[in-house]
Amino acid sequence: FAKTTAFQNLLTQSMRTAYCALNLQKCIDSWTSLIFDTRDVQMEFIGAGGHNAPRLSQEGSYSSAHRDAAALKAWDKRLRHFLRKYFKKFKGQRVVPPRPSSWGTAFYSFIGTYLMVFSLTSIGNRVKDATMGTDALGNFTKTDFITTETEEFEGWFFLMINSMGAVSAMIAAAPSSPLAQPRNVFFGHLIAGVIALLLDYLCNPKFDLNYIPPWVAAPLCPGFSMGLQAKLGILHPPSCSACVIYTMGLPHIKNIGWYYLACPLLLDSVILILIACIFNNLSEDRSYPLYW
């Protein structure tokens with residue numbers, strides 16, 4: 001029920017904003033028309049040279065002008081009320097910020113983050129040495145943007161990507177957060193990876209489609225990913241970085257194609273979840289996961 005109410009409030013505010021934006025031009029046009037109608041009535045009245053001749057014309061014009069003025073005044077009142085409430089939110093909601101953590105919590109956060117990232121970098125280094133030079137991934141070319149020279153490299157598997165540092169920190173420092181639970185970590189990366197790989201078909205010149213440029217596809221990936229994750233109730237923000245890394249990725253990242261979904265994304269997720277379960281539960285004050 002709480003999710004439904006929050007979604008309804010968000011939808012209501014979005015509709016109000018869109019409604020004001022769509023009708024802002026109409027308000028401006030009505031205000032401009034009011035000014036010109038009033039000026040025309042005054043010019044007609046002065047040109048007639050009296051108070052009796054233009055009476056009927058004035059009544060019709062003034063009636064229309066009054067209606068436009070009333071509509072403009074109503075829109076102006078609504079807009080000012082919306083903007084007043086909108087900018088008032090920037091002042092904050094008078095919520096007390098969290099207090100600094102204890103030294104024990106800080107120590108566990110440091111050690112947990114280090115162990116998780118170290119596991120990925122060490123295992124990833126072994127994986128790279130084992131897979132480089134094989135024909136499984138083929139070769140890829142890299143172009144120097146300064147000299148425009150191309151060089152051919154051998155493909156390899158890897159584990160460590162930038163977004164996994166954020167995942168490690170979230171699981172180690174905030175294990176009780178709903179965003180850091182196993183289902184969020186695993187399925188969040190699954191959704192983000194699939195969306196990134198599908199959109200890559202529309203922006204990668206390798207597939208001869210190139211319908212949209214990468215700088216347009218890059219923000220679409222996290223947008224679609226967050227929307228779907230929010231609908232399914234498995235939000236995991238660091239997964240957005242993972243899909244952007246692939247969409248705007250280096251040649252050796254895009255070279256592995258759909259393998260990117262299995263390694264590094266899902267394999268890294270499983271490794272981090274297992275380490276988090278082992279490490280976080282060593283402390284009496286911690287319990288991970290809260291739910292699977």
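How each quantity is defined
- Residues numbered from 1 in each chain as written.
- Predicted model: local features only at pLDDT ≥ 70, side-chain atom pairs only at ≥ 80, totals over all residues.
- Heavy atoms only, no water.
- Helix = DSSP H or I, 4+ residues; strand = E, 2+ residues; numbered from the N terminus.
- Areas by Shrake-Rupley, 256 points an atom, 1.4 Å probe, with all protein chains shown as cover.
- Phe/Tyr/Trp six-rings, centres within 6.5 Å; stacked < 30°, edge-to-face > 60°.
- Buried < 20%, exposed > 50% of the residue type's maximum accessible area, 1.4 Å probe, protein only.
- Core = buried A, V, L, I, M, F, W, Y, C linked by side-chain atoms within 4.5 Å.
- Contact = heavy atoms within 4.5 Å.
- Salt bridge = Lys/Arg side-chain N within 4 Å of Asp/Glu carboxyl O.
- Axes fitted to C-alpha atoms, helices over the stretch in contact; angles between N-to-C directions.
- Parallel < 35°, antiparallel > 145°, perpendicular 65-115°, else oblique.
- Left-handed = near helix turned anticlockwise from the far one by under 90°.
- Nonpolar A, V, L, I, M, F, W, Y, C, P; charged D, E, K, R; others polar.
- Expected span 1.5 Å × (residues − 1).

A. How the structure looks around the overall build of the protein. Assigned secondary structure in the protein consists of nine helices and two strands. Carbon and sulfur atoms make up 64% of the accessible area of the protein, which amounts to about 19,000 Å² in all.

B. Main features of the packing of aromatic side chains. In this structure the tally under the stated criterion is ten aromatic pairs. Each ring, one from Tyr-86 and one from Phe-87, has its centre 5.2 Å from the other, and the planes form 75°; the classification is edge-to-face. Both rings, one in Tyr-246 and one in Tyr-260, keep their centres 4.9 Å apart while their planes meet at 40°; by these two values the pair is tilted. In this pair, Tyr-246 sits in helix H7 (residues 238–247) while Tyr-260 sits in helix H9 (residues 259–280), placing the two residues 14 residues apart along the sequence. A relative accessible area of 2% places Tyr-246 in the buried class. Since its relative accessible area comes to 0%, Tyr-260 is described here as buried. Taken together through their ring pairs, the aromatic side chains of Phe-82, Tyr-86, Phe-87 and Phe-90 make up a single cluster.

C. Summary view of the nonpolar core. Within the largest apolar cluster, 40 residues are counted, with the highest numbers of intra-cluster contacts made by Ile-161, Ile-171 and Tyr-260. For this core, the secondary structure elements donating two or more residues are helix H3 (103–131), helix H4 (162–173), helix H5 (182–203), H7 and H9. Of all the elements, H9 adds the most residues to this core, at eleven residues. The residues contacting Tyr-260, other than those within four sequence positions of it, are Phe-158, Ile-161, Ala-242, Ile-245, Tyr-246, Ile-253 and Leu-265.

D. Representation of H7 within the structure. The buried fraction of H7 amounts to eight of the ten residues, a majority that puts the element mostly inside the structure. In the core, the buried residues of H7 are packed alongside H4, H5, helix H6 (214–232), helix H8 (251–254) and H9.

E. Main features of the pattern of salt bridges. Counting across every chain of the model gives two salt bridges. Arg-80 serves as the salt-bridge partner of Asp-76, at 2.8 Å between the closest nitrogen and oxygen. With a gap of four residues between them, Asp-76 and Arg-80 both fall in helix H2 (residues 55–88), about one helical turn apart. Residue classification places Arg-80 among the partly exposed residues on the basis of a relative accessible area of 43%.

F. Representation of the packing of H5 against H7 within the structure. It is the contact of H5 with H7, at a shortest axis distance of 8 Å, that shows an interaxial angle of 25°. On the basis of the axis angle, H5 is roughly parallel to H7. The hand of the H5/H7 crossing is right-handed. In contact with Gly-188, His-189, Ala-192, Ala-196, Leu-197, Asp-200 and Cys-203 of H5, H7 contributes Ser-239, Ala-242, Cys-243, Tyr-246 and Thr-247. When the residues that make up the contact of H5 with H7 are grouped by side-chain class, the tally is seven nonpolar, four polar and one charged.

G. Fine view of H3. Here H3 contains 29 residues, and its C-alpha end-to-end distance of 42 Å stays within 8% of the 42 Å for a straight helix at 1.5 Å per residue. Residues of H3 that are buried: Ser-109, Gly-112, Met-116, Ser-119, Leu-120, Gly-124 and Thr-131. Contact partners of the buried residues in H3: H4 and H9.

H. Inspection of the packing of H4 against H7 at higher detail. As a packed pair, H4 and H7 sit with axes 8 Å apart at the nearest point and diverge in direction by 170°. One way to sum up the angle between H4 and H7 is to call them roughly antiparallel. Contact with H4, carried on its side by Asn-162, Ser-163, Ala-166, Val-167 and Met-170, involves Pro-238, Ser-241, Ala-242 and Ile-245 of H7 and no other residues of that element. Looking at the contact of H4 with H7 residue by residue, the classes come out as six nonpolar, three polar and no charged.

I. Examining the environment of Gly-223 more closely. With respect to the helices and strands, the residue Gly-223 is situated in helix H6. By relative accessible area, which is 44% here, Gly-223 ends up partly exposed. Sequence separation between Gly-223 and Ala-192 is 31 residues; the distance between their C-alpha atoms is 9.7 Å.

Function cannot be inferred from these measures alone, as they are strictly geometric.
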